[in-house]
Amino acid sequence: MTHPPPPAGTLLCRRNAEGRIVALTRQTLSAQDALAAGWEAVHAADPGVQAFVREVSSQTNPLSQTDAGLARVLEDLIDVLINRGLIQFTDLPAAAQAKLLDRRQTRASLANRLELLADDGDSVPL
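The shown structure was predicted, so the numbers you read here are calculated from the model rather than taken from an experiment.

### Description of the nonpolar core
1) Next: By size, the foremost hydrophobic cluster in this structure holds six residues: Leu11, Cys13, Ile21, Val42, Val49 and Phe52.
2) Next: When residues of this core are traced back to their parent elements, those giving at least two are strand S1 (11-15) and helix H2 (47-58).
3) Next: Residues contacting Ile21, with those up to four places away along its chain left out, are Cys13, Arg14, Arg15, Asp46, Gly48, Val49 and Phe52.

### A few points about the environment of Asp91
1) Next: By secondary structure assignment, the location of Asp91 is in the loop between helix H3 (64-83) and helix H4 (94-114).
2) Next: You can call Asp91 exposed: its relative accessible area is 53%.
3) Next: Here the side chain of Asp91 touches Gln88 through a polar contact of 2.8 Å, landing on its backbone nitrogen.

### Let's talk about the side chain of Glu75
1) Next: With respect to the helices and strands, the residue Glu75 is situated in helix H3.
2) Next: A relative accessible area of 6% places Glu75 in the buried class.
3) Next: Reaching out from Glu75, the side chain makes a polar contact with the side chain of Arg107 at a distance of 3.0 Å.

### Describing the pattern of salt bridges
1) Next: Counting across every chain of the model gives six salt bridges.
2) Next: Taking the shortest distance from any N to any O, the salt bridge between Arg20 and Glu55 comes out at 2.7 Å. Of the two residues, Arg20 is situated in the loop between S1 and strand S2 (21-25) and Glu55 in helix H2; the sequence distance between them amounts to 35 residues.

### So, the sheet that holds S2
1) Next: If you walk across this open sheet you meet the three strands as S2-S1-S3, and the pairing is antiparallel. With partners counted over all chains shown, the strands left at the sheet margins are S2 and strand S3 (40-42), one partner each. Strand-to-strand twist across the sheet, computed as the mean angle between neighbouring axes with direction ignored, equals 40 degrees.
2) Next: Inspection of the sheet shows S1 paired to S3 by three bridges, in the antiparallel sense. From the neighbouring strand, Cys13 faces S3, where its bridge partner is Glu40.
3) Next: The strands touched by H2 within the sheet are S1, S2 and S3, with S2 carrying the most contacts at an inclination of about 90 degrees.

### Thoughts on the pairing of S1
1) Next: Note that S1 and S2 share four bridges and pair antiparallel. The residue of S2 that forms the bridge with Leu12 is Thr25.
2) Next: Once S1 ends, the chain turns through five residues before running back antiparallel as S2, passing Gly19 with a positive phi of about 90 degrees.

### Points about the side chain of Gln97
1) Next: Along the chain, Gln97 falls in helix H4.
2) Next: Within the structure, Gln97 has its side chain in polar contact with the backbone oxygen of Thr90 (distance 3.5 Å).
3) Next: Once residues lying within four places of it in the same chain are set aside, the contact partners of Gln97 are Phe89, Thr90 and Leu92.

What counts, and where the lines are drawn
- Residues numbered from 1 in each chain as written.
- Predicted model: local features only at pLDDT ≥ 70, side-chain atom pairs only at ≥ 80, totals over all residues.
- Heavy atoms only, no water.
- Core = buried A, V, L, I, M, F, W, Y, C linked by side-chain atoms within 4.5 Å.
- Buried < 20%, exposed > 50% of the residue type's maximum accessible area, 1.4 Å probe, protein only.
- Helix = DSSP H or I, 4+ residues; strand = E, 2+ residues; numbered from the N terminus.
- Contact = heavy atoms within 4.5 Å.
- Polar contact = N/O pair within 3.5 Å; in protein donor to acceptor, adjacent residues only side chain to side chain.
- Salt bridge = Lys/Arg side-chain N within 4 Å of Asp/Glu carboxyl O.
- Pairing = 2+ DSSP bridges.
- Axes fitted to C-alpha atoms, helices over the stretch in contact; angles between N-to-C directions.

Pasting the structure below:
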C-alpha cells in the first residue's frame with residue numbers, strides 16, 4: 001500500500017523506547033519511507049516537540065557562554081579608542097555603528113528603568 005507523503009514543512013520525529021522524542025527533522029520523505037526509517041509526523045506544538053527543543057537549546061556551546069562578556073569588553077574597548085582619539089565612531093562600518101548605538105540605547109533604557117531612587121533620595125515612579 002502506497003502512502004501519500006506528509007505535507008511540506010511537516011516535522012518528523014523519532015522516539016525512544018519510553019516514547020520521548022530524541023530526533024526531529026523537516027526532511028521530506030514519503031510516508032512509507034518515513035515509517036520504514038522510524039519517523040512519524042508530529043506537529044510543532046506537540047508538548048514532546050517543545051520539550052525536545054528546550055532540552056537541545058539548553059545544551060550550551062562553551063564559546064557561547066563567553067559571548068555576552070566578550071561583547072561588553074569590545075564595546076568598552078571601542079569607547080576607550082574613541083575617547084583617546086585613536087579612532088572616530090564614523091570610522092566603523094555603518095552596521096557596527098548601528099549595533100553599537102542600539103546597544104547603548106538599550107543599556108540606557110534599562111538603566112533608567114532599573115533606577116529606583118533618584119540622586120536626591122526621592123522615589124522615581126517605575
